[in-house]
Amino acid sequence: MGKALEGVRVLDMTHVQSGPSCTQILAWLGADVVKIEAPGGDITRKQLRDLPDVDSLYFTMLNCNKRSITLNMKSERGKELFTEMVGQFDILAENFGPGAVDRMGFSWETLQEINPRLIYASIKGFGDGPYTHFKAYEVVAQAMGGSMTTTGFEDGPPLATGSQIGDSGTGMHAVAGILAALYQREHTGRGQRVTVAMQHAVLNLCRVKLRDQQRLTHGPLNEYPNREFGDAVPRSGNASGGGQPGWAVKCAPGGPNDYIYVIVQPVGWEPITKLIGRPELADDPEWSTPAARLSKLDKMFQMIEDWTSEHGKWDVLAKLNAHNIPCGPILSTKEIIEDTSLAENEIVVKVDHPERGEFTTVGMPIKLSDSAADIQRSPLLGEHNQEIYGHELGVPDNELAELKANGVI
Ligand code: CAO
């Protein structure tokens, strides 16, 4: 067996980011992922284009290793072809607005009748309740899942994070659900419904903030830099708010990404005092213990910054790591895309594309020793119509031409 999911077939009706991020991982695990697009194509093929008339990086970076077919799900023949495919696939994945697949004529009950082994995965913005019928995008989920309220500085507005926890974060949750359903099917012989709400996935990633919400009822959060607390967890800037204090401190020469995030574990204090030229603080009872430092973390990080701002972030990284002090320089996207170790790890990968030429993408973050991911380019719109409708479903060439002319494919 070459790949973990070899032989597993995914009918991929996903679009934009959350759903495609899920099915791309399934493809990298070896599944045969066939993306069904309306004849006009996934909207992201045309969004945020950097080159005229060429699939956008938005699309190419989320749809690698898939095949593409076009199908008008609102046509009668389209529904027939879809029904035939549902009978032959293991997984159907979609993330349309609420009710869209039902409106196409395919409820979960209907799909089960067609294929009782089908695993049907849906991503929506919300679970059951007052928001069920609402559409959602990334930052909507961040807003309603606990992320925006806890991101930013206390005297500023709520902030969106750059990481796509609502979209790709939800996609990764959906992968887990689909793989579990595949495993359960081995025992039961039955498929099942997998649903993930973006609000729920973001909240799962904000779990520690609900921990702190409950701690707050027993008093102030001393690990936070905030001086005053209301009835909800405040935004705490760059503090982790976790068991060990951390902060982003400035480095030389003072550019927008000349910062390093430093964490002061108890064992790290003594070497830090030496590095910053204040060795006397190692044994000073005012500074020597985590409890003593807790009420003056701002002063502690200011002293550290007085030192780091005289050095470049890479230099500080080396000096702190020489003493096993956890830290991370703030890497710009340019530094990341040019990072040789990320390329060597095949997490920053170059892929050739027939229309845009070579582009860089983010590779497979999950490494399996027996199932290496082989990153292949995204498909052109309808590139595999002939292969799938003609060869696999046996639709004759003359009908294919007719379906094309009539806008069915
Ligand atoms: N053939 C014919 N029609 C098709 C089709 C096909 N192959 N594929 C999709 N369509 C139609 C659907 O039937 C639907 O039409 P109706 O509304 O008339 O039933 C329409 O295209 C898609 O609707 P939509 O609500 O999904 O699209 P939108 O652009 O208005 O909304 C989004 C986009 C993302 C807000 C919405 O899809 C959504 O809320 N999805 C769930 C949450 C989600 O995944 N958000 C992630 C956003 S970024 O990753």
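Analysis parameters
- Residues numbered from 1 in each chain as written.
- Predicted model: local features only at pLDDT ≥ 70, side-chain atom pairs only at ≥ 80, totals over all residues.
- Heavy atoms only, no water.
- Axes fitted to C-alpha atoms, helices over the stretch in contact; angles between N-to-C directions.
- Helix = DSSP H or I, 4+ residues; strand = E, 2+ residues; numbered from the N terminus.
- Parallel < 35°, antiparallel > 145°, perpendicular 65-115°, else oblique.
- Contact = heavy atoms within 4.5 Å.
- Nonpolar A, V, L, I, M, F, W, Y, C, P; charged D, E, K, R; others polar.
- Core = buried A, V, L, I, M, F, W, Y, C linked by side-chain atoms within 4.5 Å.
- Buried < 20%, exposed > 50% of the residue type's maximum accessible area, 1.4 Å probe, protein only.
- Pairing = 2+ DSSP bridges.
- Near = heavy atom within 4 Å.
- Polar contact = N/O pair within 3.5 Å; in protein donor to acceptor, adjacent residues only side chain to side chain.
- Arc of directions from axis to C-beta.

(A) Seen up close, the packing of helix 7 (residues 168-188) against helix 8 (residues 198-205). The contact between helix 7 and helix 8 brings their axes to 9 Å, and the two run at 95°. Between helix 7 and helix 8, the angle falls in the class roughly perpendicular. Residues Gly169, Thr170 and His173 of helix 7 pack against Met198, Ala201, Asn204 and Leu205 of helix 8. Tallied by class, residues from the contact of helix 7 with helix 8 come to three nonpolar, four polar and no charged.

(B) Representation of the nonpolar core. Leu5, Val8, Val10, Leu26, Ala31, Ile91 and Ile375 are the most contacted members of the largest nonpolar core, which totals 34 residues. Among the secondary structure elements, those contributing two or more residues to this core are helix 1 (18-28), strand 5 (119-124), helix 7, strand 6 (193-197), helix 8 and strand 10 (348-351). In this structure, Leu26 is in contact with Leu5, Val10, Ala31, Val33, Val175, Ile178 and Leu179, ignoring residues within four places of it in sequence. Counting residues in each nonpolar core, the second largest holds 30 residues, with Ile69, Phe89, Leu92 and Trp108 among its members.

(C) Here's a closer look at the pairing of strand 3 (residues 66-70). Counting buried residues in strand 3 gives five out of five residues, a clear majority hidden from the surface. Alternating residues of strand 3 divide into Lys66, Ser68 and Thr70 and Arg67 and Ile69, and every residue in both groups is buried. In this structure, strand 2 (residues 32-37) lies alongside strand 3, joined through five bridges in parallel fashion. The residue of strand 3 that forms the bridge with Ile36 is Ile69.

(D) Broad picture of the sheet that holds strand 3. Here six strands make up an open sheet; going across it, the order is 3-2-1-4-5-6 and the pairing parallel. With partners counted over all chains shown, the strands left at the sheet margins are strand 3 and strand 6, one partner each. Adjacent strand axes in the sheet meet at a mean angle of 20° when their direction is disregarded. Direction of pairing for strand 5 relative to strand 6: parallel, over a ladder of five bridges. Within the sheet, the bridge partner assigned to Lys124 lies in strand 6 and is Ala197.

(E) Examining the site of the ligand more closely. In the neighbourhood of the ligand, 23 residues make up the surrounding shell, with Gln17, Ser18, Leu71, Gly97 and Lys135 lying closest. With respect to the ligand, the backbone of Met73 contributes an N or O atom lying 2.9 Å from a nitrogen atom. Lys135 is positioned with one of its side-chain polar atoms (N or O) 2.5 Å from an oxygen atom of the ligand. Tallied by class, the residues present in the shell around the ligand amount to 10 nonpolar, seven polar and six charged.

(F) Layout of unusual backbone geometry. A cis amide bond, omega 5°, links Ala252 with the succeeding residue Pro253. Located in the positive-phi region is Leu48, a residue other than glycine, with phi close to 55°. Looking at where Leu48 falls in the secondary structure, it is placed in the loop between strand 2 and helix 2 (57-60). With a relative accessible area of 70%, Leu48 lands in the exposed category. Unlike most non-glycine residues, Asn324 shows phi in positive territory, near 60°. Turning to its location among the elements, Asn324 is positioned in the loop between helix 13 (313-321) and strand 9 (327-329).

(G) Layout of helix 13. Within the span of helix 13, buried status applies to Lys313, Val316 and Leu320. Along helix 13, the residues classed as buried sweep out an arc of 55° about the axis, all on the same side. Looking at the buried positions of helix 13, the neighbouring elements they touch are strand 8 (259-263), helix 10 (269-275), helix 12 (297-308), strand 9 and helix 14 (333-337).

(H) Layout of the sheet that holds strand 7 (residues 246-250). Strand order in the open sheet made by the three strands is 7-8-9, with antiparallel pairing throughout. The strands lining the two open edges of the sheet, one partner per strand, are strand 7 and strand 9. Averaged over neighbouring strand pairs, the angle between their axes works out to 20° when direction is ignored. Across three bridges, the pairing between strand 8 and strand 9 is antiparallel. Bridging across to strand 9, Val262 finds its partner in Cys327. Of the strands in this sheet, strand 7 and strand 8 are in contact with helix 12, which crosses strand 7 at around 35°.

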